[in-house]
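Commentary on secondary and tertiary structure
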Amino acid sequence: MRGLRPYAFALGPLAAASLWGGMFVVSKWSFAFVPPVTMGFFRVALGALTLWLGVVATNRRGSLGGDGGAGIDRADWPAFVGLGGWVAVTIATQFLGTELTNASQGSLLTVLTPVFAVGLGASVLGERVTRRKAVGIALAAVGTVIVLAGQYDLTTIAAGNAAGVGLLVVASFAWAGYTVWGVSVVRKYSALTAATYSTIAATPMLAVLAAVELAVLRRGIGSIPVTAESIFATAYLGLAATAAAWYLWYKGLEFVSAGTVAVFFFLQPIVGISLGALLLGERIGPGFVVGSLVVGGGVWIVSRERADDADDTDQQRSVTEQ
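No experiment lies behind these values; they were computed from the predicted model shown.

1. Quick word on the packing of helix 4 (residues 77-100) against helix 8 (residues 162-180)
- At a minimum axis separation of 7 Å, helix 4 and helix 8 run at an interaxial angle of 155 degrees. By the angle between their axes, helix 4 is roughly antiparallel relative to helix 8. Here helix 4 and helix 8 pass one another in a crossing that is left-handed. Listed contacts from helix 8 to Leu83, Trp86, Val87, Val89, Thr90, Thr93, Gln94, Leu96, Gly97, Thr98 and Leu100 of helix 4 are Gly164, Leu167, Leu168, Val170, Ala171, Phe173, Ala174, Trp175, Gly177 and Tyr178.
- Residues that form the contact of helix 4 with helix 8 fall into these classes: 14 nonpolar, seven polar and no charged.

Here you go:
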């Protein structure tokens, strides 16, 4: 088991990417009965409530150290609000962009998030972009394109809505910002604290945007149907794709750089396509298998860099103890 320990950091972002795998399909489907920004508000509000309950439960147990969120310095509250701003921009542009684009565009644009995260990590945090990390990310990006080319007609990308593509590019950059600027907050407090209070901060921002959207559409909140479908969509997006996934994503930042965590984003379309095959009977071709292996190789290369660093740390600790 010791040989697997250096890779333990990967469990959080890997699980987050898996939970996000079906998000494009669920969110696109939900827009038939709930406007996109309004659904984003419902999603984040439910996620914020769930995360806050997790903080309350943790404080009562008192068994996870700083994960409870108590004792936050007043000077750090602007940082949480800033992270909430990144969240609000991400959700609003992501859901609007998803409504305006097709599956191939939405999936292909996911490759921009890790690229943005690596660039911001290097420029803002001074994270090193080693040759191994660069090769791993490039390999994962190529694998993602192979996967999507095997499932979609990529010639339809240019025929799609340009505004939708632009919104998804903004969403990718905003999530990279949430990842990079969250590093210092996560490491000072915890993944749970950072995810909880940033999500709470984003909720009123999205409430305002949702109110504007409903006013433009001339719809009242009472016009949104409460059905099994709308409840399921909100529950999945709020509980799985927000509360659980955002905490797990930030959990990875407790141990590794933003660029290393971000590489797991490449796994999102693979999980989504796999779920489509498993649950909806969609066909997957040889390109999916080949591309998935290439993506896995790229992610493993980046993970291996972290594993080597962890091994070196363990050896240094062992020498010091002797």
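2. So, the environment of Gly164
- Looking at the element boundaries, Gly164 is found in helix 8.
- Taking C-alpha positions, Gly164 is 6.9 Å from Thr98, a pair spaced 66 residues apart along the chain.
- Sequence-distant contacts of Gly164, that is, excluding residues within four places in its chain, are made with Gly97, Leu100 and Thr101.

3. Points about the side chain of Ser292
- By the element assignment, Ser292 lies in helix 14 (residues 286-321).
- A polar atom in the side chain of Ser292 sits 2.7 Å from the backbone oxygen of Phe288.
- Excluding residues within four positions of it along the chain, Ser292 makes contact with Val147 and Ile270.

4. Some points on the nonpolar core
- One finds Trp20, Leu237, Trp246, Trp249 and Tyr250 to be the most contacted residues of the largest nonpolar core, which totals 71 residues.
- When neighbours within four sequence positions are excluded, Tyr250 is seen to be in contact with Leu83, Tyr178, Thr179, Gly182, Val186, Ala191, Ala194 and Ala195.

5. A word on the packing of helix 10 (residues 191-217) against helix 11 (residues 228-253)
- Relative orientation of the contacting elements helix 10 and helix 11 amounts to 135 degrees, with a least axis distance of 8 Å. Here helix 10 is positioned oblique relative to helix 11, judged by the angle of their axes. Judged by the twist between their axes, the crossing of helix 10 over helix 11 is right-handed. Listed contacts from helix 11 to Ala191, Leu192, Ala194, Ala195 and Thr199 of helix 10 are Thr242, Trp246, Tyr247, Tyr250 and Lys251.
- Of the residues contributing to the contact of helix 10 with helix 11, the split by class is seven nonpolar, two polar and one charged.

6. Overview of a nonpolar patch on the surface
- On the surface, a nonpolar cluster with roughly 360 Å² of combined accessible area is contributed by Leu49, Trp52, Leu53 and Ile200.
- The biggest single contributor to the nonpolar patch is helix 3 (residues 36-61), with three residues.
- Inspection of the secondary structure assignment puts Ile200 in helix 10.

7. Section: the packing of aromatic side chains
- On inspection of all chains with the given rule, the structure shows 17 aromatic pairs.
- Relative to Phe265, the ring of Trp20 lies with its centre 5.6 Å away and its plane at 45 degrees, an arrangement referred to as tilted. Pair noted here: Trp20 is in helix 1 (residues 11-20) and Phe265 is in the loop between helix 12 (258-262) and helix 13 (268-280), with a separation of 245 residues, a long-range link.
- Judged by its relative accessible area of 3%, Trp20 is buried.
- Ring centres of Phe41 and Phe42 lie 5.7 Å apart, and the angle between their planes is 45 degrees; on these two criteria the pair is classed as tilted.
- Residue class for Phe41 comes out partly exposed when judged on its relative accessible area of 21%.
- On the accessibility criterion, Phe42 (23% relative accessible area) is partly exposed.

8. Points about helix 11
- Look at helix 11: 36 Å from first C-alpha to last across 26 residues, which is about the 38 Å you get at 1.5 Å a residue.
- Roughly 35 degrees is the biggest bend found in helix 11, and it falls at Ala245.

9. Describing the environment of Glu229
- Tracing the chain through its elements places Glu229 in helix 11.
- In this structure Glu229 touches Trp29 and Phe33, once residues within four positions along its chain are discounted.

10. Description of the pattern of salt bridges
- Inspection of the entire model under this criterion finds three salt bridges.
- Asp76 is the partner of Lys188 in a salt bridge, and the nearest nitrogen-oxygen pair spans 2.7 Å. Of the two residues, Lys188 is situated in helix 9 (residues 183-188) and Asp76 in the loop between helix 3 and helix 4; the sequence distance between them amounts to 112 residues.
- Since its relative accessible area comes to 47%, Lys188 is described here as partly exposed.
- Put simply, Glu254 and Lys251 hold a salt bridge, and the shortest N to O gap is 3.1 Å.
- Under the relative-accessibility criterion, Glu254 is labelled partly exposed at 25%.
- With relative accessibility at 23%, the residue Lys251 sits in the partly exposed group.
- Counted as one network, the salt bridges with shared partners bring together Asp73, Asp76 and Lys188.

What counts as what
- Residues numbered from 1 in each chain as written.
- Predicted model: local features only at pLDDT ≥ 70, side-chain atom pairs only at ≥ 80, totals over all residues.
- Heavy atoms only, no water.
- Axes fitted to C-alpha atoms, helices over the stretch in contact; angles between N-to-C directions.
- Helix = DSSP H or I, 4+ residues; strand = E, 2+ residues; numbered from the N terminus.
- Parallel < 35°, antiparallel > 145°, perpendicular 65-115°, else oblique.
- Left-handed = near helix turned anticlockwise from the far one by under 90°.
- Contact = heavy atoms within 4.5 Å.
- Nonpolar A, V, L, I, M, F, W, Y, C, P; charged D, E, K, R; others polar.
- Polar contact = N/O pair within 3.5 Å; in protein donor to acceptor, adjacent residues only side chain to side chain.
- Core = buried A, V, L, I, M, F, W, Y, C linked by side-chain atoms within 4.5 Å.
- Buried < 20%, exposed > 50% of the residue type's maximum accessible area, 1.4 Å probe, protein only.
- Patch = residues over 30% accessible without salt bridge, like charges linked within 9 Å, V, L, I, M, F, W, Y side chains within 5 Å.
- Areas by Shrake-Rupley, 256 points an atom, 1.4 Å probe, with all protein chains shown as cover.
- Salt bridge = Lys/Arg side-chain N within 4 Å of Asp/Glu carboxyl O.
- Phe/Tyr/Trp six-rings, centres within 6.5 Å; stacked < 30°, edge-to-face > 60°.
- Expected span 1.5 Å × (residues − 1).
- Bend = angle between axes of the 7 residues up to and from the residue.

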